[in-house]
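Inside the fold
As a plain string of letters, each chain reads:
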Amino acid sequence: MRKKIVAGNWKMNLEYSEGISLFSEIVNMVRDEKKGDQTVVICSPFIHLNSLAQLGNGIVKIGAQNCHQNESGAYTGEISAKMIKSTGSEYVLVGHSERRQYFAESDELLASKTVIALQNNLVPIFCIGETLDERNNGSYYHVLESQLENGVFGLSAEDFGKVILAYEPVWAIGTGLTASPEQAQDIHAFIRAKIDAKYGMSVADDTTILYGGSCNPKNAAELFAQPDIDGGLIGGASLKSRDFVDIVKTFNS
């Protein structure tokens, strides 16, 4: 059975002490209020990783927001999957739309990052999604299929089974816009069908697919109630402990 996951993405926010304070609040609230078996993850800036991993106590898992595609080397300013793993982190975001847009990360590069993450026993949260233009011109199915084929469909079935996917409509990230539950479910079902065609129904049924894109406490329940949506990749709302934990609690009932 596929996992239910709520993952927060702090992006480039919070000084060190601010991150520790917010995370401590989240851990305490999750411990007291979470009733289900949903997994909770915080993907923080690199400066927080080691400290958060020690504070999480297994209640909240830790992830990085990016990694380099090589094991080590003369890549000033970069961080490797091996380094991330050594902090106690268990997850890493790969291919977030902001990495694709602002840093021109290609599907082929992201495929390499996924492989290196898996080799270092990190769980990749691999992100795909279409822009507003691609949504409006009707090419979004092709875009998503291409991102899957070039990014993760080169993996063996065993390795693919370790990957979490996150569908994030780029037009809904940080805009206040949200895909309707019907729109989100349509895309999640499309993704699962493509996994079925590539790896078979058993793998498709076991793959966790998250929704990302202005998910908040008001719309989380309706989104997560869709049959192919297994949780969320949460941006802005993850910077507020009450909002984030309320999203986590969507799975309590």
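Look up: the structure comes first, before these words.
Report on the accompanying structure.

The rules behind these values
Residues numbered from 1 in each chain as written. Predicted model: local features only at pLDDT ≥ 70, side-chain atom pairs only at ≥ 80, totals over all residues. Heavy atoms only, no water. Helix = DSSP H or I, 4+ residues; strand = E, 2+ residues; numbered from the N terminus. Buried < 20%, exposed > 50% of the residue type's maximum accessible area, 1.4 Å probe, protein only. Polar contact = N/O pair within 3.5 Å; in protein donor to acceptor, adjacent residues only side chain to side chain. Contact = heavy atoms within 4.5 Å. Pairing = 2+ DSSP bridges. Axes fitted to C-alpha atoms, helices over the stretch in contact; angles between N-to-C directions. Parallel < 35°, antiparallel > 145°, perpendicular 65-115°, else oblique. Left-handed = near helix turned anticlockwise from the far one by under 90°. Nonpolar A, V, L, I, M, F, W, Y, C, P; charged D, E, K, R; others polar. Core = buried A, V, L, I, M, F, W, Y, C linked by side-chain atoms within 4.5 Å. Salt bridge = Lys/Arg side-chain N within 4 Å of Asp/Glu carboxyl O.

1. Considerations on the side chain of asparagine 219
Here asparagine 219 shows up in the loop between strand S7 (209-212) and helix H11 (220-224). For asparagine 219, a relative accessible area of 15% gives the class buried. In this structure the side chain of asparagine 219 is engaged in a polar contact, spanning 2.9 Å, whose partner is the backbone nitrogen of asparagine 216. Sequence-distant contacts of asparagine 219, that is, excluding residues within four places in its chain, are made with Thr178 and Ser214.

2. Details of the sheet that holds strand S8 (residues 231-234)
The strand order around the closed barrel built from eight strands is S1-S2-S3-S4-S5-S6-S7-S8, with neighbouring strands paired in parallel fashion. When the angles between neighbouring strand axes are averaged without regard to direction, this sheet yields 25°. With respect to the sheet, helix H5 (residues 107-119) is in contact with strand S4 (91-94) and strand S5 (123-128), its orientation differing from that of S5 by roughly 160°. Each of strand S1 (5-9), strand S2 (39-43) and S8 touches helix H12 (residues 241-248); the most contacted strand, S1, lies at about 160° to it.

3. Remarks on the environment of asparagine 66
For asparagine 66, the position within the fold is in the loop between strand S3 (61-64) and helix H3 (81-86). Through-space distance from the C-alpha of asparagine 66 to that of phenylalanine 46 is 9.0 Å; in sequence the pair is 20 residues apart. Of note is the side chain of asparagine 66, whose polar atom sits 2.8 Å from the side chain of lysine 113.

4. Let's talk about the packing of H5 against helix H7 (residues 140-151)
Axes are the key here: two packed helices are described by the angle between their axes and the distance separating the axes. Between H5 and H7, whose axes approach to 8 Å, the crossing angle comes to 45°. Accordingly, the angle class assigned to the pair H5 and H7 is oblique. Of the two possible hands of crossing, H5 and H7 adopt the one that is right-handed. In contact with Asp107, Glu108, Ala111 and Thr114 of H5, H7 contributes Ser146, Gln147, Asn150 and Gly151. Class assignment of the residues belonging to the contact of H5 with H7 gives a composition of one nonpolar, five polar and two charged.

5. Concerning unusual backbone geometry
Of note, lysine 11 is a non-glycine position whose phi angle comes to about 55°, a positive value. Located in the positive-phi region is alanine 104, a residue other than glycine, with phi close to 50°. Judged by its relative accessible area of 61%, alanine 104 is exposed.

6. Observations regarding the nonpolar core
Counting residues in hydrophobic clusters, the biggest one holds 64 residues, and the most contacted among them are Ile26, Phe160, Leu165, Ile191, Ile195, Tyr211 and Phe224. Here this core takes seven residues from helix H1 (residues 16-33), the largest share from any one element. Each residue touching isoleucine 195, except ones within four places of it in the same chain, is listed here: Phe153, Phe160, Leu165, Gly200, Val203, Ala204, Thr207 and Ile209. By size, the runner-up hydrophobic cluster in this structure holds twelve residues, among which are Ile125, Ile164, Ala166 and Leu233.

7. Comments concerning the pattern of salt bridges
Pairs can form between side chains of opposite charge once their charged atoms are near each other. The final tally for this structure, using the stated rule, is 16 salt bridges. Across the salt bridge formed by aspartate 228 and arginine 192, the nearest N and O atoms sit 2.6 Å from each other. Of this pair, aspartate 228 sits in the loop between H11 and S8 while arginine 192 sits in helix H9 (residues 181-199); the two residues are 36 residues apart in sequence, bridging distant segments of the chain. Using a relative accessible area of 14% as the deciding quantity, one classes aspartate 228 as buried. Taken together, the shared-partner salt bridges in this structure form one network comprising Arg2, Lys4, Arg192, Asp228 and Asp230.

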